[in-house]
Amino acid sequence: MAGRKSGLGRGLESLIPVARPESGFTTIALDLISPSPNQPRRYFDDDAIESLAASIREVGVLQPVIVRPDPNGGSGYLLVAGERRWRAAALVGLDELPAIVRDSDEQQGLAEALIENVQREDLTPLEEAAAYQQLLEEFGLTHEEVGQRVGKSRVAITNTLRLLQLPPAIQGLVERRELGAGHARALLGVEDEAYAVHLAQRVAAEGWSVRQVEDAVRARQPEERPQAPARSTARPADIIELEERLAERLGVPVEIQMGKRRSKIVVRFHTVDDLERLYRILFD
């Protein structure tokens, strides 16, 4: 697995000296990285790690870990952010990880280092989405703040992040540029994962347009779930706005279903990793 590409760290070997870097972007041998003793998180869900490992097997490591040189003067590094990726990479059997090396764990500086990487690299859509997700989860930025930092609209950030909800097999097609980001986003409307993968493979092989994918997804919907009864009046604008705000905050599709006697909020997620992330947003 040593030769496997590693997302944001790809190609940096030719730009950075072989000697140990004191700061910047590089790749680091997995056995030189150790978890920080100051890591506040003590429990890591095994299912979530397995899910992340499955994604790494398919598309590689999309987000760099963030490390700092061993403060005791050793040759290794301590993790500042990215312990789940480090654990999942070890489970897969990778020899090295893409990394941002910083000489401190000051959060603002680390976030700026990641933003610099987003702006200077020719990233695939999935690498871009993973970088945005890292800014949201590890540095507490909102979709709007990420957009301001990288020069894109809030909607563009939200739409890019939705790619991380796709099954690993479809992510692989996107990462290899066999499937466009627009095609992939259209497939998010398919709840049957096996069918979504089948459709994605067909789209890639036959060169469908985004419109064709959207039509195929709409044609499948009556078989997946009952259609809501026709409504005589338009949905209230404040409900639609609230759905959009919730979806932006949670990073997954949200639907508010209003009834005469009771109503409900439907939050859709794809993987156990997504569920763990939602739990942290709601209860941390």
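Given the structure is predicted, the values throughout are model-derived calculations rather than measurements. (Residues numbered from 1 in each chain as written. Predicted model: local features only at pLDDT ≥ 70, side-chain atom pairs only at ≥ 80, totals over all residues. Heavy atoms only, no water.)

Student: Report on the overall build of the protein chain, specifying residues and quantitative values.
Tutor: In terms of helices and strands, the protein chain carries twelve helices and seven strands. The buried share of the protein chain, reckoned over its 284 residues, is 45%. Across the protein chain, every contact between residues at least 6 apart in sequence was considered, and the portion connecting residues at least 24 apart equals 71%. (Helix = DSSP H or I, 4+ residues; strand = E, 2+ residues; numbered from the N terminus. Buried < 20%, exposed > 50% of the residue type's maximum accessible area, 1.4 Å probe, protein only. Contact = heavy atoms within 4.5 Å.)

Student: I'd like to hear about the side chain of serine 55, residue by residue, with values.
Tutor: Structurally, serine 55 can be placed in helix H1 (residues 46-59). Assessed through its relative accessible area of 14%, serine 55 is described here as buried. At 3.4 Å, the side chain of serine 55 and the side chain of glutamine 171 are in polar contact. With residues near it in sequence (within four places) discarded, serine 55 still touches Gly60, Pro168 and Gln171. (Polar contact = N/O pair within 3.5 Å; in protein donor to acceptor, adjacent residues only side chain to side chain.)

Student: Run through the pairing of strand S7 (residues 264-267), naming residues and quoting values.
Tutor: The side chains of a regular strand alternate between both faces of the sheet. In the sheet, strand S6 (residues 254-257) pairs with S7 via four bridges, with the strands oriented antiparallel. Bridged to valine 254 within S7 is valine 267. In this antiparallel pair of consecutive strands, S6 and S7, the connection spans six residues. (Pairing = 2+ DSSP bridges.)

Student: Lay out the pattern of salt bridges in plain terms, naming residues and giving numbers.
Tutor: Side chains bearing opposite charge may pair, as long as their charged atoms lie close to each other. Applying the stated rule across the entire model yields seven salt bridges. With its nearest N and O atoms 3.0 Å apart, the salt bridge here joins glutamate 83 to arginine 87. Taken together, the residues glutamate 83 and arginine 87, both in helix H2 (residues 83-92) and four residues apart, mark about one turn of the helix. Classification of arginine 87 by relative accessible area gives partly exposed; the value is 36%. In this structure, the salt-bridge partner of arginine 218 is aspartate 215, at a minimum N-O distance of 2.5 Å. One end of the pair is arginine 218 and the other is aspartate 215, both in helix H10 (residues 210-224) and three residues apart, which spans about a single turn. You can call aspartate 215 partly exposed: its relative accessible area is 36%. Connected through salt bridges with shared partners, the residues Glu58, Arg176 and Glu178 form a single ionic network. (Salt bridge = Lys/Arg side-chain N within 4 Å of Asp/Glu carboxyl O.)

Student: Give a detailed account of the nonpolar core, specifying residues and quantitative values.
Tutor: Grouped together as the largest cluster of nonpolar side chains are 24 residues, with contacts concentrated most on Ile170, Leu179, Leu187, Leu199 and Val213. Every element with two or more residues in this core is listed here: helix H4 (125-139), helix H7 (168-175), helix H8 (181-187), helix H9 (193-206) and H10. The contact partners of leucine 187, leaving out residues within four places of it in the chain, are Ile170, Leu179, Ala196, Leu199, Ala200, Val213 and Val217. Leu30, Ile49, Trp86 and Ala88 belong to the second-largest nonpolar core, a separate cluster that totals 20 residues. (Core = buried A, V, L, I, M, F, W, Y, C linked by side-chain atoms within 4.5 Å.)

Student: Run through the sheet that holds strand S4 (residues 77-81), naming residues and quoting values.
Tutor: The strand order across the open sheet built from five strands is S1-S5-S3-S4-S2, with neighbouring strands paired in mixed fashion. Strands with a single pairing partner mark the edges of an open sheet, and in this sheet they are strand S1 (24-29) and strand S2 (33-34). One ladder, built from six bridges, connects S1 with strand S5 (residues 96-101); its direction is antiparallel. Each bridged residue has a counterpart across the sheet, and for threonine 26 the counterpart in S5 is alanine 99. Against the sheet, H2 touches S2, strand S3 (65-69), S4 and S5, its axis set at about 120 degrees to S4. (Axes fitted to C-alpha atoms, helices over the stretch in contact; angles between N-to-C directions.)

Student: Tell me about H1, and please be specific about residues and values.
Tutor: A rise of 1.5 Å per residue sets the reference length of H1, with its 14 residues, at 20 Å; its end C-alpha atoms lie 20 Å apart and thus fit the reference within 8%. Residues of H1 that are buried: Ala48, Ile49, Ser51, Leu52, Ala53, Ser55, Ile56 and Val59. Following H1 by one or two positions, glycine 60 has its phi on the positive side, about 85 degrees. (Expected span 1.5 Å × (residues − 1).)

Read these as layout, nothing more, since geometry by itself doesn't imply function.
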